[in-house]
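Chain by chain, the residues:
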Amino acid sequence: MTAVLDAPPDPAVERRRAVQAAAASSLGRRKLASRVALGVCWLFLGIAVVPLVAVIAYVVVRGLPAWNADFFTHSTVPEGYPGGGVWNAIVGTAVITAIATAVAVPVGILCGLFLAESDGRVAATLRFTADVMTGIPSIIVGIFGYIAIVRNTGGYSGFAGAFAIGFIMLPVIVRAAETAFRGVPRSLNEAALALGARRSTVARKVVVPTALPGVITGVLLAVARGLGETAPLLLTIFGNQYLQWNPSKPMEALPILIYNYSSQPYADLVQVAWGAALLLMAVVLALSIGSRLLAAYLRKERR
Amino acid sequence: MTDTPIRHDEETLGVHADQATAGTSSGEVVMTLRDVAVAFGGKTAVRDVSFDVAAGEVTALIGPSGSGKTTLLRALNRMHDTVPSARVTGSVHLGDLDVYGPGTDPTLLRSRVGMVFQRPNPFPTMSIYDNTVSGLRFNGVRKKALLDEAAESALIAAALWDSVKDRLKAHGSTLSGGEQQRLCIARALAVEPEVLLMDEPTSALDPIATKRIEELVGELKERVTIVIVTHNMQQAMRVSDRCAFLLMGEDKAGELIEFGPTGPLFSEPSDPRTLDYVNGRFG
């Protein structure tokens with residue numbers, strides 16, 4: 001100890017003392033700042049989560065009483081008649097979403113693959129277009145569907161609705177697929193090319209399978225998005241209180257039913273709207289959670 | 001600067017005044033490892049490691065891939081704290097300070113045990129100067145004079161001062177890979193740690209940049225005790241005073257096979273497995 005004090009001060013040792021003194025004396029302040037920051041994070045998390053939980057809880061509480069066997073198996077009945085359900089809306093939503101998915105998924109995935117593999121001007125334009133499509137207000141998509149399909153085909157139809165919903169889903173799938181394909185390491189691409197594979201073979205055998213969990217997640221999220229859209233359907237499928245499997249005719253759909261029935265002055269129709277809202281929310285939630293679980297499972301399988 | 005407040009601060013750190021100067025006089029023990037083991041999610045990655053790190057020396061951790069060198073190194077400054085599934089058992093001491101003791105603050109510990117990583121990782125939004133003094137600022141140092149002095153001293157020590165002194169405001173990303181790694185070394189040195197941990201610091205660099213870092217390691221041990229992980233045995237021979245040889249056991253967990261002065265460990269190792277490894281028969 002005395003030897004240290006007697007020796008000429010080593011600037012490095014002096015600095016070490018100064019740094020450690022500063023670190024120790026500022027520790028309390030830093031810990032406090034850390035705690036405050038963490039507290040603020042929790043607070044804002046709460047602000048974000050409370051409305052979410054409140055909405056879910058409220059819809060469950062209001063919607064659950066409407067659920068019974070008839071609710072899922074019978075179509076809507078006019079006000080004043082007992083029983084009835086939302087079977088016609090379930091069928092409509094299922095048919096419309098299935099058609100929209102069947103068209104939007106292959107187109108979207110191939111677009112995404114092109115965007116991921118190409119960096120030319122065409123790709124840049126396409127990417128920009130997809131971004132713009134994502135931002136188009138859904139009512140505009142509905143108007144477009146009305147003018148382009150309904151007016152030219154002689155009436156409201158499930159096909160017109162599927163067109164509008166597909167339009168909503170497409171850019172979501174494109175960007176999700178592009179992100180997933182871009183996530184495939186370049187070295188895998190090059191490894192396949194170095195073995196003499198063509199680019200198309202590389203895409204089919206390496207890029208697509210590797211990116212599949214991400215693509216599936218993106219598709220399921222797009223389907224969830226499409227299920228809940230209301231505005232594009234209002235102007236394209238019109239609604240139908242009777243069961244209709246034929247997509248060339250006007251159809252009912254869950255969002256339309258919720259929209260129409262929730263503004264009715266009759267308590268039992270409002271009750272049906274709550275039940276339909278709960279059903280729609282449950283399906284969308286199940287798709288979101290399911291897509292995540294599936295992706296996690298597929299990634300785990302691979303290791 | 002008076003003596004009393006410094007003593008006070010060192011007491012809150014849990015060390016005696018003379019330990020704060022460790023690293024300037026060689027031969028003393030700076031870090032003690034006893035039965036150190038690290039497990040991830042119940043799976044042991046490295047176990048049974050006991051040795052002493054001598055002040056003013058370079059201690060190298062060598063061994064093949066998967067032998068737990070990096071895992072062991074990261075246990076020395078509690079980097080595993082950030083991995084929820086990781087558990088460190090056994091004891092690590094820095095002087096008198098129990099590294100994993102209940103009263104030990106990991107941030108204060110890390111200001112005394114610095115680290116340089118495999119790949120150069122200068123903060124991309126900070127200038128060369130800001131990168132160099134970032135550790136000091138994180139630790140609450142505000143005095144401009146001290147920051148300037150520490151920056152110059154650290155950049156000189158990292159053999160970077162002459163090439164960057166006229167462009168301290170430039171971004172760290174404008175430097176070459178080797179220069180970026182020396183900037184990271186300067187950044188670690190500016191805090192004046194007692195021990196500097198280096199995790200394969202040349203693995204991402206070309207041979208010439210590697211040579212400069214190796215020369216640097218030899219010069220730096222005057223100032224700071226170094227523990228370096230390397231998969232390169234020639235590098236271990238060139239830079240280190242002592243070596244710890246680790247090897248993956250039958251259950252895939254790394255174990256300490258042999259520890260000793262570098263020369264004898266390479267020329268006449270006591271364990272046949274060490275002999276095989278240093279002669280390049282495997283690994």
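Parameters at a glance
Residue numbers restart at each chain and count upward from 1, following the sequence in its written direction. Written order determines the labels here, with chains lettered from A and ligands numbered from 1. Per-residue local features of the predicted model are confined to residues with pLDDT of at least 70, and side-chain atom pairs are confined, for both listing and counting, to 80 or more; whole-chain, interface and lining totals are unaffected and use all residues. Working definition: helices are DSSP H or I runs of at least four residues, strands are E runs of at least two. Numbering for both runs from the N terminus. When we talk radius of gyration, it's over C-alpha atoms, and the globule rule is simply 2.2 Å times the number of residues to the 0.38. With C-beta atoms placed from the backbone, a residue is buried if 20 or more other C-beta atoms are within 10 Å of its own, exposed if 12 or fewer are, and partly exposed between those counts. The contact rule is simple: place each C-beta atom from the backbone, and if two of them lie within 7 Å, those residues are in contact. Each pair of strands is called paired provided DSSP finds at least two bridges between the two strands. Here an axis means a line fitted to C-alpha atoms, over the contact stretch when the element is a helix, while the angle between two N-to-C directions is reported on a 0 to 180 degree scale. Segment limits for the domains were obtained from an automatic or database-derived domain assignment. An angle below 35 degrees is treated as roughly parallel, one above 145 as roughly antiparallel, one from 65 to 115 as roughly perpendicular, and anything else as oblique. Working rule for handedness: look at the near helix, and if it is turned counterclockwise from the far one by less than a right angle, call the crossing left-handed; if clockwise, right-handed. When residue character is reported, Ala, Val, Leu, Ile, Met, Phe, Trp, Tyr, Cys and Pro are called nonpolar, Asp, Glu, Lys and Arg charged, and the others, Gly included, polar. Between the first and last residue of a helix there are one fewer steps than residues, each counted as 1.5 Å, and that sum is the expected span.

To continue, consider the overall build of chain A. When you go through chain A residue by residue, the secondary structure sums to twelve helices and zero strands. Compactness check: chain A gives a C-alpha radius of gyration of 28 Å against a globular reference of 19 Å for 303 residues, more than 25% above the reference. Each principal axis of the C-alpha atoms in chain A carries an extent, and together these give about 100 × 60 × 35 Å. Buried positions account for 37% of the 303 residues belonging to chain A. Taking contacts inside chain A between residues at least 6 apart in sequence as the whole, the part at least 24 apart equals 74%.

Quick look at the sheet that holds strand β10 (residues 254–261) of chain B now. Residues and elements named next belong to chain B. Within the open sheet, the ten strands sit side by side as β5-β4-β1-β2-β10-β9-β3-β8-β7-β6. Their pairing is mixed. If you trace the sheet from one side to the other, it starts and ends with β5 (97–98) and β6 (113–116), each paired once. Where strand β3 (residues 58–62) and strand β9 (residues 242–248) come together, four bridges link them in parallel fashion. For L61, the partnering residue across the bridge sits in β9 and is A244. Lying over the sheet, helix α7 (residues 177–190) contacts β6 and β7 (195–199), oriented at roughly 175 degrees with respect to β6.

With that settled, consider the domain arrangement of chain A. Interface size is often expressed as the accessible area that is lost when the parts come together. Residue and element names in this part refer to chain A. According to the domain assignment, chain A consists of domain 1 (19–65) and domain 2 (70–302). If you average the C-alpha positions of domain 1 and of domain 2, the two centres end up 34 Å apart. Contact with domain 1, which involves six residues of that partner, is made by six residues of domain 2.

Moving on, we come to the packing of helix α5 (residues 121–135) of chain A against helix α7 (residues 158–182) of chain A. Residues and elements named next belong to chain A. At a minimum axis distance of 8 Å, the contact between α5 and α7 shows a crossing angle of 135 degrees. Considering their axes alone, α5 and α7 lie oblique with respect to each other. In this structure, the crossing between α5 and α7 has a hand that is left-handed. Contact residues: A130, M133 and T134 in α5; L170, P171, V172, V174 and R175 in α7. Residue composition of the contact of α5 with α7, grouped by class: six nonpolar, one polar and one charged.

A few words on the packing of helix α4 (residues 87–117) of chain A against α5 of chain A. All names here are of chain A. It is at 9 Å that the axes of α4 and α5 come closest, and there the two elements cross at 130 degrees. Taken together, the axes of α4 and α5 are oblique relative to one another. Pair α4 / α5 crosses with left-handed handedness. Side by side, α4 and α5 meet where C111, F114 and L115 of the first sit next to A123, L126 and R127 of the second. Here the residues of the contact of α4 with α5 are counted per class, giving five nonpolar, no polar and one charged.

Looking now at helix α12 (residues 267–302) of chain A. For an α-helix, the turn length of 3.6 residues means that residues three or four places apart are oriented alike. Residue and element names in this part refer to chain A. Under the 1.5 Å per step criterion, the end-to-end length of α12 is 52 Å for 36 residues, consistent within 8% with the ideal 52 Å. Of all the positions in α12, only L269, V272, A273, W274, G275, A276, A277, L278, L279, L280 and S291 are classed as buried. If you follow the buried residues of α12, they end up packed against α2 (11–63), α3 (69–73), α4, α9 (199–228) and α11 (254–262).

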